[in-house]
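Structural overview for review
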Amino acid sequence: MSIHEHTSPHEVEGRPTGPQGTQLFAVDELRRYASEAAPAAAGPASAPSPVLEGISGGAKGLRFTLRAGRQAIGRSAANDIIIDDSSVSASHAWIIAQRRQYAIMNTLSTNGTFVNGKRIHETTLKHNDHVRFGQAEFVFLTREPGAARSRLLQWILVGTILLIVLVAMAWWLI
């Protein structure tokens, strides 16, 4: 017996469905699924996996890993990045990744999209840009904090070792 023989035409496994069998979820269920999935998206920011990290408003503590292509941002459950803050519009903005760059575009927002305090329609994001959707503020991270300093220290160490080797060779030859 198929599952449809046990339930009404608009119900699968006790869950209401749309006319084509699409399962419908309550907002609380979606929030629970999103919170369960959040640890998979968490992790250090890096060049191949930029993130939006919440720093104030309803965004504080949130972290979204960005992927290639377009991601919709807003309060509605239909978005790729859902921000549960009343100042964020249902369909607020898009982040579009192409050719190793991330652009942000305001869509149908009431309270605007801001980058580094300036209201934007569309702009390219850079590491450490502050992005605000309504009152929810994020920082755009493309690499781990301190990674540049760590590389500088590595180069200094390599240079110091090479210098010591050259001095030792010159002393030995003289």
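Residues numbered from 1 in each chain as written. Predicted model: local features only at pLDDT ≥ 70, side-chain atom pairs only at ≥ 80, totals over all residues. Heavy atoms only, no water.

1. Here's the deal with the environment of Thr142
Tracing the sequence through the fold places Thr142 in the loop between β13 (136-141) and α2 (147-173). In this structure Thr142 comes out as buried when scored by relative accessible area, which is 16%. Along the chain, Thr142 and Asn128 lie 14 residues apart, while their C-alpha atoms are 7.7 Å from each other. (Helix = DSSP H or I, 4+ residues; strand = E, 2+ residues; numbered from the N terminus. Buried < 20%, exposed > 50% of the residue type's maximum accessible area, 1.4 Å probe, protein only.)

2. A word on the pattern of salt bridges
By the definition in use, this model includes two salt bridges. The partner of Asp80 in a salt bridge is Arg67, and the shortest N-O contact between them spans 3.2 Å. Of the two residues, Asp80 is situated in the loop between β5 (69-74) and β6 (81-82) and Arg67 in the loop between β4 (63-65) and β5; the sequence distance between them amounts to 13 residues. (Salt bridge = Lys/Arg side-chain N within 4 Å of Asp/Glu carboxyl O.)

3. Looking at the sheet that holds strand β8 (residues 101-106)
As summarised here, the arrangement of the five strands in space is β6-β5-β7-β8-β11, forming an open sheet in which the pairing is mixed. Unpaired on one side and paired on the other, β6 and β11 (122-125) mark the two borders of the sheet. Looking at chain direction, strand β7 (residues 93-98) and β8 are connected through six bridges and run antiparallel. When the sheet's bridge partners are listed, Ile95 is paired in β8 with Ile104. (Pairing = 2+ DSSP bridges.)

4. Here we look at the nonpolar core
In this structure, Leu52, Ile83, Ile95, Ile104, Phe133 and Phe138 are the most contacted members of the largest nonpolar core, which totals 21 residues. Elements represented by at least two residues in this core include exactly β7, β8, β12 (129-133) and β13. In this structure Phe138 touches Leu52, Glu53, Gly54, Ile55, Ala59, Leu62, Phe64, Ile83, Asp129, His130, Val131 and Phe133, once residues within four positions along its chain are discounted. (Core = buried A, V, L, I, M, F, W, Y, C linked by side-chain atoms within 4.5 Å. Contact = heavy atoms within 4.5 Å.)

5. Here's the deal with the pairing of β5
Looking at chain direction, β5 and β7 are connected through five bridges and run antiparallel. In the strand pairing of β7, Gln71 is matched with Ile95.

6. A look at the sheet that holds strand β9 (residues 113-115)
One open sheet holds the six strands; their spatial order is β4-β3-β13-β12-β9-β10, and the pairing between them is antiparallel. Each edge of the sheet is formed by a strand with only one pairing partner; in this case those strands are β4 and β10 (118-120). The average angle at which neighbouring strand axes cross in this sheet is 30°, direction not considered. Bridging between β9 and β12 involves three bridges; their strand directions are antiparallel. Bridging from a neighbouring strand, Phe114 pairs with Arg132 of β12. (Axes fitted to C-alpha atoms, helices over the stretch in contact; angles between N-to-C directions.)

7. Considering the confidence of the model for the protein chain
For the protein chain, the average pLDDT comes to 79, and 69% of its residues sit at 70 or higher. Mean pLDDT values for the elements of the protein chain range from 50 in strand β1 (residues 11-12) up to 97 in β9. In the predicted structure, residues 1-8 sits below a pLDDT of 50 and forms six contacts with residues beyond four places in sequence or in another chain. Overall, residues 37-45 carries pLDDT values under 50, and its contacts beyond four positions in sequence, including any with other chains, amount to 11 contacts. (pLDDT = per-residue confidence, 0-100.)

8. Side note on unusual backbone geometry
Positive phi, close to 50°, is recorded for Asn116, a residue that is not glycine. Secondary-structure assignment places Asn116 in the loop between β9 and β10. With phi around 75°, Asn128 is a residue other than glycine that occupies positive phi space. By secondary structure assignment, the location of Asn128 is in the loop between β11 and β12. Taking the relative accessible area as the measure of exposure, Asn128 reaches 44% and is therefore partly exposed.

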